[in-house]
Amino acid sequence: MPSETRLHYRREHLFIGGDWRPSTAPGTRTVISPVTEQPVGEAPDTAPADVDAAVAAARQALTASPWALWDGETRAAALDRFADALERRAEETARVVTAEMGMPISVSGPVEGTGPARTLRYFAQLARATPQEERRPAFPGPGTTVVRREPVGVVAPVVPWNFPQSLTMFKVAPALAAGCAVVVKPAPETVLDAFQLADAAQEAGIPDGVVNVVTGGRETGAYLVAHPGVDKVAFTGSTEAGRAIGEVCGRLLRPATLELGGKSAAIVLDDADLGQAVRGLAWACLLNSGQTCYTSSRILAPRSRYTEVVDAVADLAASLRVGDPSDPATRVGPLASARQRAGVESYIDAGLAGGARVVTGGGRPAGLERGWFVEPTVFADVDNSAVVAREEIFGPVLVVIPYDDVDQAVAIADDSPYGLAGTVWTSDEDKGLEIARRMRTGTVGVNFYNIDLGAPFGGVKASGLGRELGPEGLAAYVEHKSVYLRS
Ligand code: NAD
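Residues numbered from 1 in each chain as written. Predicted model: local features only at pLDDT ≥ 70, side-chain atom pairs only at ≥ 80, totals over all residues. Heavy atoms only, no water.

By the naming in an unreviewed UniProt entry, the protein is Aldehyde dehydrogenase, taken from Streptomyces akebiae. Here the protein is described in UniProt, under the heading Sequence similarities (unreviewed entry), as follows: "Belongs to the aldehyde dehydrogenase family." (UniProt positions renumbered as here; feature names shortened; annotations may be inferred.)

For the rest of this paragraph, the subject is the sheet that holds strand 16 (residues 377-380). Within the open sheet, the 7 strands sit side by side as 15-16-17-14-13-19-20. Their pairing is mixed. Lying at the two open borders of the sheet, with one neighbouring strand each, are strand 15 (357-360) and strand 20 (445-446). By the bridge criterion, 3 bridges tie strand 15 to strand 16 in an arrangement that is antiparallel. Within strand 16, the residue paired with Thr-360 across the bridge is Val-378. Of the strands in this sheet, strand 13 (265-268), strand 14 (298-302) and strand 17 (397-403) are in contact with helix 13 (residues 406-414), which crosses strand 17 at around 145°. (Pairing = 2+ DSSP bridges. Helix = DSSP H or I, 4+ residues; strand = E, 2+ residues; numbered from the N terminus. Contact = heavy atoms within 4.5 Å. Axes fitted to C-alpha atoms, helices over the stretch in contact; angles between N-to-C directions.)

Going through the model one piece at a time under the given rule, you end up with 3 cavities of 30 Å³ or more. The calculated volume of the largest cavity comes to roughly 130 Å³. If you go around the largest cavity, you meet 14 residues; those closest to its centre are Arg-75, Thr-130, Gln-132, Ala-177 and Ala-178. Elements with a minimum of two residues in the lining of the largest cavity: helix 2 (72-88), helix 4 (105-129), strand 7 (144-151) and helix 5 (164-178). Tallied by class, residues from the lining of the largest cavity come to 8 nonpolar, 3 polar and 3 charged. (1 Å grid on protein atoms, 1.4 Å probe; cavity = no way out; pocket = protein on both sides within 12 Å on 5 of 7 lines; lining within 4 Å. Points joined across faces, edges and corners; volume = space filled by probe spheres on them. Nonpolar A, V, L, I, M, F, W, Y, C, P; charged D, E, K, R; others polar.)

As a further point, take the site of the ligand. Taken together, 28 residues are adjacent to the ligand, and Val-159, Lys-185, Ser-238, Leu-260 and Glu-392 come closest. Arg-218 has a polar side-chain atom sitting 3.5 Å from a nitrogen atom of the ligand. Look at the ligand: alone it shows 850 Å² of surface, and the protein chains cover 92% of it. Of all the elements in the fold, those that place two or more residues in the shell around the ligand are helix 7 (218-225), strand 11 (232-236) and helix 8 (239-252). By residue number, the principal contributor to the shell around the ligand is helix 7, which donates 3 residues. In the shell around the ligand, the residues fall into 17 nonpolar, 7 polar and 4 charged. Here the shell around the ligand gathers at least three residues from each of two domains, domain 1 (3-260 + 464-485) and domain 2 (265-452). (Near = heavy atom within 4 Å. Polar contact = N/O pair within 3.5 Å; in protein donor to acceptor, adjacent residues only side chain to side chain. Areas by Shrake-Rupley, 256 points an atom, 1.4 Å probe, with all protein chains shown as cover. Domains from an automatic or database assignment.)

Look at helix 1 (residues 48-64): 24 Å from first C-alpha to last across 17 residues, which is about the 24 Å you get at 1.5 Å a residue. Residues Asp-50, Val-51, Ala-54, Val-55, Ala-57, Ala-58, Ala-61 and Leu-62 constitute the buried set of helix 1. On an axial view of helix 1, the arc spanned by its buried residues comes to 155°, and they lie on one face. Opposite the packed face of helix 1, turned more than 90 degrees from it, sit the exposed residues Thr-63 and Ala-64. Packing partners of the buried residues in helix 1 comprise strand 2 (13-16), strand 3 (19-22), strand 8 (154-158), strand 9 (181-184), strand 10 (211-213) and helix 7. (Expected span 1.5 Å × (residues − 1). Buried < 20%, exposed > 50% of the residue type's maximum accessible area, 1.4 Å probe, protein only. Arc of directions from axis to C-beta.)

In structure tokens form, the structure reads like this:
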């Protein structure tokens, strides 16, 4: 029996106003293991009255506690303490995430366990370095203007299940660094790890009400996003939900950051060292069993080396160990839910029906009858107009598309409703940078893909609006106020 089935987490309270409070909702939510298909934990549901209480607590923290008025240094010290508290429970957090949604522990350890503390420390140093006020000579004068950076207010981070801790922290860390208060709404599939974050905030002495956690699904998310007490929404999730949230925020004139889906391209150039490229593609294309928004799931190969690339990618996919995600040797775990697997399998069927050739995978792995596993699958002879090349599959399914020259490769990469990420694989980094400059997308990796906490991350087109991370990510939680002085 996989070791992760021994975990059973039961939470009975919501984290509101610095306190653990019983929910007013009658029901609880059960989290099901994607490996055993049995319960691994339980959390209370959230009723609208609980969301009201959480938003009120966040507002109270901004108006009645000194939090929003603290200088950058004091706030940064609190964020560092928060990071320390998260680090102390990093291993357990990684185990919880793996138990909830099946992320291989080799990924959840560094990304979900220790990663969020790194994000907090990055924004702590940014809070230290960013003055709250600056004085500028007025143009054309006379006088001086004091430009103030003030917190945008109560922020609602609404997050998905695929990287639950790190994506939550992409929002919470800059929000707190800017002096905001947050009401976090995790995905129901990964509600348990959100309480780890609440435990750490409490242990770190983050002032009451600055961090609140409510649970629930789409309805709770929709109620929170439209709540009159919320000043900004920070959403990561599907393009469909992002559009719905964007419409609400547009009507309310409420700022929103929307990090949505992707269908990114890996352009393999004819000079690429395939051995090196394939090792990098394992991370760039199949991380978290393909349930990664920035995954380069369309591999564009020069026609002159098409067969070679298809074979190399197929060998890579076939070599990845599929199985119990709590085993450190596992590279591909189960998909997060039965619904997610059904969706991925329907895309595999669509690929076959559209005439694509399966070079490896295409079914369920032998010997893993229980759990929501799908074999890493590679399709060749795919046209960029095919469903499997256009829609986000969000599973371990790659398509390899041929191109004739670099101009056509860039055109195919850009011929997508999405524009979140991409990669270029070449033995000449300058050439890779030149191609990256031409791609219409939010981020590009040359010979690897690694999110830089100090640089803006986000997408164009159906991949969303706004940026997280870097100084640009902090600016998304700041309102600027100009005070005109005569002298
Ligand atoms: P989802 O959109 O179904 O749900 C995301 C979160 O939003 C959940 O907490 C959900 O309860 C809530 N929600 C759903 N509909 C809502 C609504 N109308 N109003 C308010 N809240 C609502 O997404 P998911 O299935 O949990 O996650 C997978 C998706 O997330 C994929 O499309 C993936 O590409 C995307 N994603 C994007 C990024 C990025 O940075 N661009 C990162 C990770 C995942």
